[in-house]
Protein chains: 2
Amino acid sequence: MNKHYEELAARMRETMMLASAAGVLAWDQETKMPERASGMRAEQMATLSGIIHDKLIDPQNDKLLAALERTRKGLTPSQRICVREWRHDYDRSTKLPRDLIEELARTSTLAQSAWIKARAADDFSLFAPWLKKTFALKRRQAEAVGYSGHPYDALLDDYEPGMTVAALDPVIANLREGLVPIVERIRRSKTRVDASCLTRRYPEDEQEALCTEVAQALGVDFTASRLDRSAHPFMIGIAPTDVRITTRFNERFLPQALFGVIHESGHALYEQGLPEKAFGTPLGEAVSTSMHESQSRFWENMVGRTRPFAGWLLPKLRRHFPQSLKGVSADAFYRALSRVRATPIRVEADEVTYNLHICLRYEIEKELVADTIRVSDLPRIWNERMQAMVGVRPKNDAQGVLQDIHWAHGMIGYFPTYLLGNLYSAQLRHTIRRTIPEMDALVAKGEFAPILQWLRTKIHRHARRFPAAELIRRATGKPLDARFFLEYVKEKYGPIYKITW
Amino acid sequence: MNKHYEELAARMRETMMLASAAGVLAWDQETKMPERASGMRAEQMATLSGIIHDKLIDPQNDKLLAALERTRKGLTPSQRICVREWRHDYDRSTKLPRDLIEELARTSTLAQSAWIKARAADDFSLFAPWLKKTFALKRRQAEAVGYSGHPYDALLDDYEPGMTVAALDPVIANLREGLVPIVERIRRSKTRVDASCLTRRYPEDEQEALCTEVAQALGVDFTASRLDRSAHPFMIGIAPTDVRITTRFNERFLPQALFGVIHESGHALYEQGLPEKAFGTPLGEAVSTSMHESQSRFWENMVGRTRPFAGWLLPKLRRHFPQSLKGVSADAFYRALSRVRATPIRVEADEVTYNLHICLRYEIEKELVADTIRVSDLPRIWNERMQAMVGVRPKNDAQGVLQDIHWAHGMIGYFPTYLLGNLYSAQLRHTIRRTIPEMDALVAKGEFAPILQWLRTKIHRHARRFPAAELIRRATGKPLDARFFLEYVKEKYGPIYKITW
C-alpha cells in the first residue's frame, strides 16, 4: 500500500465522479431537457467543467506523481500503468497556457455560428477566417504540447495517444492505393443492387422495439443501459454500470435507426466490458477514440452487414413489419444493406468509400497544420481531390468543404480515428475468423456471446494498459495494416458486384 | 455596486449551479437511471454534495457577510434581504458540528433499513431503538442550532423558517377542536357518496395525455417542464427554466395520477413563478416547504376538487375514456372526488380528515423532542389518539406508527408543513374568492390565468422576501388562522353530506 498512490487515486476518483455527473447532464441535454433550460444548462456545465479542470491541473497531483515516479516501491504493475497514464493526462492538461485554452473555447463557439451561417448560405468565405484562426491556434497548441516529428502528431495524440504522422502515412497510402481502383471497379460494374426494400414504411414504435431486441441480443446489458431518442445518435459511458445509447428514427429508411443502434451498441459493449472495479483509473477507461470506433464498426459492419446476420435478422424484422418485407429474401436484404454508391457526403457514405472521405480530410488537415496550403484555396482543393479519390464532385461548398462540424469545433486530428476504427475492425475480423472458424454459423443463429467474449478478452479488459497500436498487435499478432480492410472489401463485394479481382 | 456583495453573490451562484446539477442527477435517479447504476449514483451524489457543503460553509462567506452586515453601503433593498437570508442559511449550515452531521447521516441510512424491515414484519421493536437514537440526535441538533422557546422550534425552522411551537399550538388546537366534530357529523351522515366511477378502467396512455393537457391548462409551461413516471410522484425545480414533475398511473383508480399531477403542477407553478433573474439568490427561492405545499394543495383541492372544475374536466375525460364515464354526471363525478372516509393511512386520507393525521404526528414529535413520552409507548399512544381524533384504529403497527418514512429519514418537523399548506391554501382561497368573485365561472370555463396571476403577484414573485407567516398576512390581510379551512370544509361538505352546521 503506497500512501502517495492512495491519495492520488482518491483525488482522481473524485474528479471522475464529477465528470460522470457531468455525463448525466450531457445525456439529459440531448434527450430529455426542456428547451428553455438550455441557457442554465450551459452554466451548470461550465461550473462543473471548471471544477473538474481545476482538480485535474491541481499541482498536488504533479507532486504525487513525481513522488511515485521517484520510487515505485509498493506499486503493483497495474498501479504503475495508472501512474504512467495519469502523468500523460496531467501533462496534456497543464501544458496548454490558460489564455490559449480560453482563446480556443471562444474561437470554437464563434466558429460554430459562422459555420452554421456559411453552410446555410453556401458561402465558404464566411467560415474561412475562422478556419484560418482555428488552425493557427492549433499550431500554437501543437507547439505548447510538443512533438518530435510532425506538429500534427501533437493533435492526433488527443484522440489516439501515441499515433504519429510517420506511422499513419504509409498505412493511409496503402489503403488509398488499394481502395481507389476497387471503388472504380465497383462503379463500372454492371450489377445493380436494389435497395428499395429499405425505404418502405417502418413505423417508429416497431423500430424502437426491434432496436432494443437487437441490442440485447448482441449483448448490451439493459440493467445498466437504456436506449433513447436524440437528434444526433450517440453512446455515453457515464459509469460502467450506466452506459446509454441513443438513436433517431426514419419511418422511410430502416437502416438509419437499426444500424445506428448496432453501431452505438458496439460502443456500449466496449464500455460495459471495461473492468468495473478500475473505474476512476486509466485501467477502467477505453484506450482511444479509434479503438472505440473499431468496436462500433465491428458490430455494425463486420457482424451487422453480413449475410448470416441478415438471415438471423429477417424473421425478427418480419414480425415487426410483415407488410414492408413481403417477398424480400435474406439474400436480397443483405445486398440492399451492402449497396456501394459514391456520394460527396461523408455521413451518407457506404463502408467501401467512407475511408476515402477520411483520407481527403487527413491530407488537408496535415497540410493546414503545416501551413503548406492556403485556407482560401480549400474549396478548389477539396473538390478536385474528392473527384480524384471518390469519383464524385460536390454540388456546392455546403455539401463539400463545409459539410462537417469538426473543424468548427476545433476537433483537428479527430477524422483519422474513423478510418483507424475501420481498419482495426477489419483486422480484428480477420483474427476472430481464424480463432472462431464457425463465426458465420454463430451469427446466423444469433449467438454473439463467443465473439463478444473474444473482444472482451483481447480488447475491452485491457483498458489503457497498452497503447492502441500495441493492443491491436497483441490482439491480432500483427501491426496495424490496411490490407485486412482491403481483403475484406474484395471478399465481400466481389460476389455482390460480380467482380473477380 | 458593492464589491463584497458581488463576490458573495458569485460564490452563491456557483454553489447553486452545482445544486442544480445535483438536481438533474436526482431526477434521473427516480425516472430514467438503469437499475445497476444506483451504487455509482450514490457516489456521484456524495461527491457533489460534499463539494456543495464545503462551498456553503466556506469561512470566506462568513467574512463577506460580516463585512456586508457592518456597512450596507451601496446595497439595494433586495440585496439587503439576500444578505439577511444568506446569513440565516450560513448559520444553519455551520452551527451543526461535523460529527453530528455524520452521525445523523449514518443513523438515517441505518434507520431506513430498520424501518423497512420493521414495517414488513409489523414489528415496532425493530425500529424503536433507531427512533430513540434519531430523536436523541435531533435534540442535540436543536441544542446546537439554538432556540428561544421549545427545542422543536429549531427543527421546524428547517422547513418553515421562523415558525414556532408558540405560534403553531393555538392554530392547531383551534383546527383540531373544530375538525373533530365535523368529521364525526360526516361519519354519522346517512348520505352515501358513490365513488365507483373512479375505479373503472382508465388506460395509462390516455391518462398520460390527459394529465399533460390538464397541467398545461392550469398554466404549466412545458417549454420549461416535463412530465415523467416515477415510483413516488414529485416535483423538482432544477432551475426556473427546468421544473419537472412526475406521477404514477393506476389503471383502476383515475384520481391517483390526475390529482397527483394537479398537485405537482401546483408546486411547478410556484417554481415557474419565482423571479428567473434572481436565480441563485434567496429572491429566486420558494419561501418554505409549507408555502410550497399551499400551492400544490390549492390547485389540487381548492381548484381541482370543485364542482366547476368537474364540469370543465368531464368533457375532456369523456374524450379519453368514453366507456368508463358513460352516464356519469358532473355532479356525480364531483361528489365521487369529494368522498370523506376515515382511514388510518395518512396518504390515503381525504382532505377533511388529513389534517387530523398531522395533528397526531405533531403532538407526538413535540413530546418525543421534549423527551416527555417513551418511544416504547408509541404504538399504544398512536392507536389511542388515532381512535380519538380520526375515529379509526390501525389494524396493526405497520399501518399505524410505522406507516411513514419521515422519522426514519430524520425529517422531524416536516409533518406540520402538510397541515400548514392546507391551512394556507384555504386562507388563500378565501381571499381570492373575494378579489375575483367570478372565480367559479372562470374555473368552469378552464380560465385559470387570473387565479394564477393572483398567486404570482401575491405569493410567487416575493420568493423569500418575507417569512411565510408575513407573506400570508400580506396576501390575505390576516394572520394564519384555521377558521378559513374549517369554513371551507363546512361550506363544501355540508351540501354533499346534507349537513346543516
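> How do you make sense of the interface of chain A and chain B when you look at a structure like this?
Interface size is commonly expressed as the accessible area that is lost once the parts come together. Facing 37 residues of chain A, the contacting portion of chain B comprises 37 residues. Across the chain A to chain B interface the summed buried area is about 3,100 Å²; carbon plus sulfur atoms make up 60%. Along the contact surface separating chain A from chain B lie 10 salt bridges. The residue Glu43(B) makes a salt bridge to Arg13(A) at a minimum N-O spacing of 2.5 Å.

> I'm lost on unusual backbone geometry in this one. Help?
It is generally the case that most residues other than glycine have a negative phi and that most peptide bonds are trans. All names here are of chain B. Backbone geometry places aspartate 122, a non-glycine residue, at a positive phi of 50°. You can call aspartate 122 partly exposed: its relative accessible area is 34%. Positive phi outside glycine occurs at lysine 498, with the angle close to 50°. The exposed category is assigned to lysine 498, whose relative accessible area is 67%.

> What exactly am I supposed to notice about the sheet that holds strand β2 (residues 235–239) of chain A here?
Think of a sheet as strands paired side by side through backbone hydrogen bonds, with each pair either parallel or antiparallel. Residues and elements named next belong to chain A. The strand order across the open sheet built from three strands is β1-β3-β2, with neighbouring strands paired in mixed fashion. Sheet topology places β1 (225–229) and β2 at the edges, where each strand pairs with a single neighbour. Adjacent strand axes in the sheet meet at a mean angle of 20°, parallel and antiparallel pairs treated alike. Note that β1 and strand β3 (residues 242–247) share five bridges and pair parallel.

> Would you take a moment to explain the sheet that holds strand β2 (residues 235–239) of chain B for this structure?
All names here are of chain B. On the basis of which strands lie adjacent, the open sheet formed by three strands has the order β1-β3-β2 and mixed pairing. In this open sheet, the two strands that pair with only one neighbour each are β1 (225–229) and β2. Direction aside, the axes of adjacent strands within the sheet are offset by 20° on average. Taken together, the four bridges between β2 and strand β3 (residues 242–247) define a ladder with antiparallel strand orientation. Across the sheet, the residue bridging to alanine 239 is aspartate 242, located in β3. Where helix α1 (residues 3–31) meets the sheet, it contacts β1, β2 and β3, and its direction lies at approximately 145° from that of β2.

> Even after reading the chapter, I still don't get the environment of Gly311(B), so can you show me in this structure?
In this structure, Gly311(B) sits in helix α12 (residues 307–320). Taking the C-alpha atoms as reference points, Gly311(B) and Pro97(B), separated by 214 residues in sequence, lie 56 Å from one another.

> Where do I start with the side chain of Asp350(A) in this structure?
Residue and element names in this part refer to chain A. Along the chain, aspartate 350 falls in the loop between α13 (330–337) and α14 (354–370). Despite its burial, aspartate 350 pairs with no opposite charge; the closest candidate is arginine 341, at 7.4 Å N-O. A polar atom in the side chain of aspartate 350 sits 3.0 Å from the backbone nitrogen of arginine 341. At a separation of 2.9 Å, a polar atom in the side chain of aspartate 350 contacts the main-chain amide nitrogen of threonine 353. Those residues in contact with aspartate 350 that sit more than four places away from it in its chain are Arg339, Val340, Arg341 and Ala342.

> When you look at the packing of aromatic side chains in this model, what are you seeing that I'm missing?
Each aromatic ring pair is characterised by the separation of its centres together with the angle its planes make. All told, the structure shown has 32 aromatic pairs over all chains when counted by the stated rule. With a centroid separation of 6.4 Å and 80° between ring planes, the pair formed by Trp407(B) and Phe415(B) is classed as edge-to-face. With respect to burial, Trp407(B) and Phe415(B) carry one shared label: buried. Ring pairs connect the aromatic residues Phe135(A), Tyr159(A), Tyr354(A), Trp382(A), Trp407(A), Tyr414(A), Phe415(A) and Tyr418(A), which therefore count as one cluster.

> Just checking my understanding: could you explain the relation of the copies chain A and chain B for this structure?
In summary, the two copies of the chain are related to each other by a rotation about an axis coupled with a shift along it. Mapping chain A onto chain B calls for a screw motion: a turn of 180° about the axis and a shift of 0.0 Å along it, with 0.0 Å RMSD after fitting. The operation mapping one copy onto its partner corresponds to a two-fold rotation axis. The fraction of interface residues of chain A whose copies in chain B are also interface residues reaches 100%, indicating that both copies meet through the same surface.

> Looking at this structure, I do not really get the packing of helix α8 (residues 165–188) of chain A against helix α17 (residues 415–435) of chain A. What am I missing?
Geometrically, a packed helix pair is captured by the angle between its two axes and the distance between the axes. Residues and elements named next belong to chain A. Two elements in contact, α8 and α17, have axes separated by 12 Å at closest approach and are oriented at 70°. One finds that α8 runs roughly perpendicular with respect to α17. As for the relative orientation of α8 and α17, their crossing is left-handed in sense. Residues Leu168, Val171, Ile172 and Leu175 of α8 form the contact with α17, whose participating residues are Pro416, Leu419, Leu420 and Leu423. Across the contact of α8 with α17, the residue classes break down as eight nonpolar, no polar and no charged.

> Mind showing me how you'd approach helix α9 (residues 204–218) of chain A here?
In an α-helix, one full turn covers 3.6 residues, which means residues spaced three or four apart are oriented alike. Residues and elements named next belong to chain A. In this model, α9 (15 residues) spans 21 Å end to end at C-alpha, consistent with the 21 Å of a helix rising 1.5 Å per residue. Burial in α9 covers these residues: Gln207, Leu210, Cys211, Val214, Ala215 and Leu218. Along the axis of α9, the buried residues cluster in a sector spanning 130°; they form a single face. Just past α9, the residue glycine 219 takes up positive phi, approximately 125°.

> When you look at the pairing of β2(B) in this model, what are you seeing that I'm missing?
Looking down a regular strand, the side chains alternate between one sheet face and the other. Counting buried positions along β2(B) gives four out of five residues, so the element sits mostly inside the fold. The antiparallel pairing of β2(B) with β3(B) creates a hairpin that spans two residues between the two strands.

> Before we go on, may I ask you to explain the pattern of salt bridges in this structure?
Note on pairing: side chains with opposite charge can pair once their charged atoms come close. Tallied over the entire structure, the rule returns 105 salt bridges over all chains. The shortest N-O distance in the salt bridge between Lys133(A) and Glu103(A) comes to 2.6 Å. Taken as a pair, Lys133(A) in helix α6 (residues 124–145) and Glu103(A) in helix α5 (residues 98–121) lie far apart in primary sequence, 30 residues in all. Its salt-bridge partner being Asp62(B), residue Arg87(B) comes within 2.9 Å of it at the nearest N-O pair. Remark: Asp62(B) occurs in helix α3 (residues 59–70) and Arg87(B) occurs in helix α4 (residues 77–95); sequence separation between them is 25 residues. Note on Arg87(B): relative accessible area 16%, which makes it buried. Overlapping salt bridges bring together Arg84(A), Glu85(A), Asp89(A), Glu285(A) and Arg464(A) as one network.

> It is not clear to me how helix α19 (residues 449–458) of chain A should be interpreted in this structure. Could you clarify?
All of the buried residues along α19(A) are Ile451(A), Leu452(A), Trp454(A) and Leu455(A). All buried residues of α19(A) fall inside an arc of 155° around its axis, so they share one side.

> I'm lost on the confidence of the model for chain A in this one. Help?
In this model, chain A carries an average pLDDT of 96, and 100% of its residues clear a pLDDT of 70 or more. Two numbers describe this predicted complex: its pTM, 0.94, and its ipTM, 0.93.

> Mind showing me how you'd approach the packing of helix α9 (residues 204–218) of chain B against helix α10 (residues 254–273) of chain B here?
Residues and elements named next belong to chain B. α10 packs onto α9 with a crossing angle of 30° between their chain directions and a minimal axis gap of 10 Å. As judged from the angle between their axes, α9 and α10 are roughly parallel. The element α9 and its partner α10 pack so that their crossing is right-handed. Of the residues in α10, those in contact with Gln207, Leu210, Cys211, Val214, Ala215 and Leu218 of α9 are Leu254, Ala257, Leu258, Val261, Ile262, Ser265 and Leu269. Grouping the amino acids of the contact of α9 with α10 by side-chain chemistry returns 11 nonpolar, two polar and no charged.

Criteria and thresholds
- Residues numbered from 1 in each chain as written.
- Chains lettered and ligands numbered in written order.
- Predicted model: local features only at pLDDT ≥ 70, side-chain atom pairs only at ≥ 80, totals over all residues.
- Heavy atoms only, no water.
- Contact = heavy atoms within 4.5 Å.
- Buried area = accessible area lost by both parts, 1.4 Å probe.
- Salt bridge = Lys/Arg side-chain N within 4 Å of Asp/Glu carboxyl O.
- Buried < 20%, exposed > 50% of the residue type's maximum accessible area, 1.4 Å probe, protein only.
- Pairing = 2+ DSSP bridges.
- Helix = DSSP H or I, 4+ residues; strand = E, 2+ residues; numbered from the N terminus.
- Axes fitted to C-alpha atoms, helices over the stretch in contact; angles between N-to-C directions.
- Lys, Arg positive; Asp, Glu negative; His and termini not counted.
- Polar contact = N/O pair within 3.5 Å; in protein donor to acceptor, adjacent residues only side chain to side chain.
- Phe/Tyr/Trp six-rings, centres within 6.5 Å; stacked < 30°, edge-to-face > 60°.
- Least-squares fit on C-alpha atoms with pLDDT ≥ 70 in both.
- Parallel < 35°, antiparallel > 145°, perpendicular 65-115°, else oblique.
- Left-handed = near helix turned anticlockwise from the far one by under 90°.
- Nonpolar A, V, L, I, M, F, W, Y, C, P; charged D, E, K, R; others polar.
- Expected span 1.5 Å × (residues − 1).
- Arc of directions from axis to C-beta.
- pLDDT = per-residue confidence, 0-100.

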